[in-house]
Structures are given as C-alpha cells and as structure tokens.
Amino acid sequence: MEAPLAERIRPQHLSEYISQLHLVGEQGSLTHQIAKGIIPSLILWGPPGTGKTTLAQIMAQESKRPFFTLSAINSGVKDIREVIEKAKMSGGLFTAKNPILFIDEIHRFSKSQQDSLLAAVEKGWITLIGATTENPSFEVIPALLSRCQVYVLNAFSKDDLEQLLHRAMEQDEILKAKQITLTETEALLRLSGGDGRKLLNIFELIVNATEENSIEITNEKVMQLVQKNTVLYDKTGEQHYDIVSAFIKSIRGSDPNGAVYWLARMIEGGEDVKFIARRMLILASEDIGNANPTALIMANNTFQAVTTIGYPESRILLSQCAIYLATSAKSNASYLAIGKAQQIVKQTGDLPVPLHLRNAPTKLMKELGYGDEYKYSHDYENNFAEQEFLPDEIQNTSFYEPGNNAREKELRHFLKNRWKDKYGY
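Bear in mind that the values here come from a model prediction, so they are computed numbers and not experimental data. (Residues numbered from 1 in each chain as written. Predicted model: local features only at pLDDT ≥ 70, side-chain atom pairs only at ≥ 80, totals over all residues. Heavy atoms only, no water.)

**Q** Whenever I open this one, the overall build of the chain confuses me. Can you help?
**A** Helices and strands together make up the secondary structure of the chain, namely 21 helices and seven strands. Computed over C-alpha atoms, the radius of gyration of the chain comes to 28 Å, more than 25% over the 22 Å expected from 2.2 N^0.38 for 425 residues, which places it beyond the range of a compact globule. Expressed as lengths along the three principal axes of its C-alpha atoms, the size of the chain is roughly 85 × 55 × 45 Å. For the chain, with 425 residues in total, the buried portion stands at 44%. Long-range pairs, those at least 24 residues apart, make up 71% of the contacts in the chain with a sequence separation of at least 6. On the chain, roughly 22800 Å² of surface is accessible, and the fraction owed to carbon and sulfur atoms is 52%. (Helix = DSSP H or I, 4+ residues; strand = E, 2+ residues; numbered from the N terminus. Rg over C-alpha atoms; globule rule 2.2 N^0.38 Å. Buried < 20%, exposed > 50% of the residue type's maximum accessible area, 1.4 Å probe, protein only. Contact = heavy atoms within 4.5 Å. Areas by Shrake-Rupley, 256 points an atom, 1.4 Å probe, with all protein chains shown as cover.)

**Q** Hey, could you run me through the pairing of strand 1 (residues 42-45) in this one?
**A** Where strand 1 and strand 4 (residues 127-132) come together, four bridges link them in parallel fashion. What sits directly across from Trp45, in strand 4, is Thr132. Taken together, the four bridges between strand 1 and strand 5 (residues 149-152) define a ladder with parallel strand orientation. For Leu42, the partnering residue across the bridge sits in strand 5 and is Gln149. (Pairing = 2+ DSSP bridges.)

**Q** When you look at the packing of aromatic side chains in this model, what are you seeing that I'm missing?
**A** Aromatic rings in a pair are described by how distant their centres are and how their planes are angled relative to each other. All told, the structure shown has six aromatic pairs when counted by the stated rule. Summarising the aromatic geometry, the rings of Tyr261 and Trp262 are spaced 4.7 Å apart at their centres and angled 70 degrees between planes, so their arrangement reads as edge-to-face. The exposure class assigned to Tyr261 is partly exposed, which follows from its relative accessible area of 42%. Ring centres of Phe384 and Trp419 lie 4.9 Å apart, and the angle between their planes is 90 degrees; this geometry places the pair in the edge-to-face category. With Phe384 in the loop between helix 20 (363-367) and helix 21 (406-419) and Trp419 in helix 21, this residue pair connects regions lying 35 residues apart in the sequence. Among the aromatic residues, ring-to-ring pairing joins Phe384, Phe389, Trp419, Tyr423 and Tyr425 into one connected group. Directly above the aromatic system of Tyr370 lies the positively charged group of Arg358, at a separation of 5.0 Å from the ring centroid. Here the guanidinium or amino end of Lys422 rests over the ring plane of Tyr423, the centre of that ring lying 5.3 Å away. (Phe/Tyr/Trp six-rings, centres within 6.5 Å; stacked < 30°, edge-to-face > 60°. Lys NZ or Arg CZ within 6 Å of the ring centre and 35° of its normal.)

**Q** Explain the packing of helix 16 (residues 273-288) against helix 17 (residues 294-309) here, please?
**A** Relative placement of two packed helices is described by the angle separating their axes and the distance separating the axes. Contact geometry for helix 16 and helix 17: axes closest at 9 Å, N-to-C directions at 170 degrees. Relative to helix 17, helix 16 is oriented roughly antiparallel. Seen from helix 16, the contacting residues are Val273, Lys274, Ala277, Arg278, Met280, Leu281, Ala284, Ser285 and Ile288; seen from helix 17, they are Ala295, Leu296, Ala299, Asn300, Thr302, Phe303, Val306 and Thr307. By residue class, the composition of the contact of helix 16 with helix 17 is 11 nonpolar, four polar and two charged. (Axes fitted to C-alpha atoms, helices over the stretch in contact; angles between N-to-C directions. Parallel < 35°, antiparallel > 145°, perpendicular 65-115°, else oblique. Nonpolar A, V, L, I, M, F, W, Y, C, P; charged D, E, K, R; others polar.)

**Q** Looking at this structure, how should I read the packing of helix 16 against helix 18 (residues 314-326)?
**A** Between helix 16 and helix 18, the least distance of the axes is 11 Å, while the angle of their chain directions is 15 degrees. Compared by their axis directions, helix 16 and helix 18 come out roughly parallel. The two elements helix 16 and helix 18 meet at a crossing, and its hand is left-handed. Contacts between helix 16 and helix 18 involve Val273, Ile276, Ala277, Met280, Leu283, Ala284 and Ile288 from the first element and Ser314, Leu318, Cys321, Ala322 and Leu325 from the second. Split by residue class, the contact of helix 16 with helix 18 holds 11 nonpolar, one polar and no charged. (Left-handed = near helix turned anticlockwise from the far one by under 90°.)

**Q** Help me understand the side chain of Gln114, please; the structure alone is not making it clear to me.
**A** Note that Gln114 resides in helix 6 (residues 111-122). Of note is the side chain of Gln114, whose polar atom sits 3.1 Å from the backbone oxygen of Phe109. Leaving out residues up to four positions away in the same chain, Gln114 has contacts with Ile106, Phe109, Glu139, Val140, Ile141 and Leu144. (Polar contact = N/O pair within 3.5 Å; in protein donor to acceptor, adjacent residues only side chain to side chain.)

**Q** For this particular structure, what's the right way to read a nonpolar patch on the surface?
**A** Taken together, Tyr374, Tyr376 and Phe389 make up a surface patch of nonpolar side chains, about 310 Å² in accessible area. Structurally, Phe389 is set in the loop between helix 20 and helix 21. With a relative accessible area of 37%, Phe389 lands in the partly exposed category. (Patch = residues over 30% accessible without salt bridge, like charges linked within 9 Å, V, L, I, M, F, W, Y side chains within 5 Å. Salt bridge = Lys/Arg side-chain N within 4 Å of Asp/Glu carboxyl O.)

Functional significance is not addressed by these values, which are geometric in nature.
Encoded structure:
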C-alpha cells in the first residue's frame, strides 16, 4: 500500500524542514541543542500539521538516538511501561544518547498514564518529546510539565504552505511524472486551514482524481473535487473555529437553541469536552460577569465535572451550562474595564504608588511616610472612607462602567452612594 504524499515527502534532515525558524533557524532555540545532540525532555505545542512529529524524528536522526513512538489515542500504561523497558535496553543510561520516546497527542493521556512517565524522564532512561495541540499548562500534569521544556510551533504562513506544495511537485516521484500547474492556490490553502498534512492530502486527492497527465490546479477545480469529501466537523481545521465561534455567539446572543445546536455539532464531531467547557468558562466572565456572578461558578463547576466524568455523560452537563449561560443577563463591563486599565498602563508606564497606599513593614519606611494618612475602611461608617486609590497622574479615571442590567444597576447605585460625582456614576 502506497504511503500518503505527506509521508512520502516528510523531511529527513533539519536543512529540509520548513518554517519554525524561531526554533530551528540559524539562531533558533533548538538548533544548537540538536547540533550537539544534547536534547532535553520537551513538549512541542502547536496547531495540527505544523511539523511536530517531523521535528521529533529529525531530532532523533540528527542526534543518532533510538526513536520510540506512542500515540495517546491507543496506548495505555502497559504500553508505556513496555516501550520504556525497550528504551532502557537500547540506550546507555545517563548519557547524551538516551533514547527518545515521542508521544503524539500527549494531552489525551490520563493522569495515571502521565504519572507512569515520570520516573523514566527523571532518571534519564528516556528523553521525552510530547506533541500537543492543546495548552500544556491545562493538559499536562505539573510534575511532568516541570521536567520538560515547552516549545511553541507557529501556524504555517501562506508562503510556508505554498513552499510545501512546490516541494511536493519537485521531490515526489509520483507527482514529478505529471505536468502540474499551480494556477491558483487560495482554495487549497483555505481548505487546509493552515494544516500542512491536510494541504498535501487534499492536493494528492485532486491530482489522483484527474486522469490526464497534465493538470491545472484552479480554485474552481479544487472546490468541485473536494467539496463532496468535506467532513461534517473537522476539529483541527477552519470549520472547528467557525463552529466554536457560532457556539459562543449563540450564548452571547442569549439563544439557548442555537447554543445547544452548535454544542451538538461539536460533540458529534468528537470535540474535546474540556475545550468546550473552557470556552464557556471564559464566556461566563467576559460576556456575563457581574450581571450574574453565579455564571462563573456554574461554568467552573462544569469544567471540573466534565474533567472528572468525560464523554458521553458530560454532554448533559455541557448542555445544562450552555443553556444557563445563554439565558443569563449579559454584561461585558469587567472585560472592558481591564482592557481600559491595561491601555492606561501602557500609555502612562510605571506610575508610583501613592505614599498612603504603600506597605510599611520597616521602621525606615514608616519614617519616610509609607502608609501615612491611609484610612482603614472598617473604622468608618458603612465601611467606607473617601480617599484616592489611583496614582496622582490618573486621579478620577473610571475604568468600570456598570452594565444595563438589574444587578449592575444596583452596583451603580452603590458606587454613586459612596463616590458621589468622583467617577461619574
């Protein structure tokens, strides 16, 4: 059986590797380590099809190390232990030539599976290289993460993707035998969603679907041949982001029906339930905020619960949370407030903290006036004493503007009562 195009033209050496110059260019953070063969355990984090597996293989090849690979999708603790034993037998312990164990989609490993890697990494039996499309801070256990360096791979640019296509036509024996003209590439690039592997798969599909030896690639031809092969939901491509966007916008727009429909599309497409819950957690603060503070608690509890329960039961929890958020009062006041505050900080720099707000842990600081004239709020009526909490240069600046909803109208009244006309409430 013939290997796919992406596999046939996979780079074998660092000089053939496309993109990620910040990692493997002349001044790349991995370039010298690879050249010296001194490679730490690391996590490669980046979008699908950006060369994580290829880079791991090249590192093993260039450093002349044994290379073992596992996929988190179909490997259990038993498989991990077996491959670690093989690695221990094939490499010298505590040398620069430790075998490399590459784990694809390491974010799919459970805690117990990740725990089973700790001793091997710590004792130097293996050099671990994990690949993930998800933020390792969320998906990799702290004990393992602390033993690994994290390197971020960037999405392929338009130039990178076109370079991939040209290299395929120049290097692949099957494609070289045909006369291929790349007249238009926009549709190819759009359908690939920045995924190099997917781009090459689509390209090969189009070439194979054309019986003539002479092939002209146009946007129209691409759409005609590929449209019928497009899946319902591609969680690694452009449609993934479109459907997530529709889900969030439905909740923000207070439509529980739209929210549940797009949620179902993601669930049926095999989307990671933690990813969905994490997006609702962000939305609960960004789009609801203090209009209903319970929304954040609800979203956080949902995130914790689906992490414990997993699929398929977690779909019920996600549905409950999505409906709750969609039918909740909305406010983006907190989101806007921190945005305004950050902008002021960028414009004004490190303004000094007013003396009365400074901490005074030493005698000298007290003598310098640190903490003088500070009014302890609880010593005053209504636990409030009017004083300035901003640097002199930006006094009276208002960042928080309560939203037009029942709860924040109460907050506006509270602030007006306390601050009178100071902040314009």
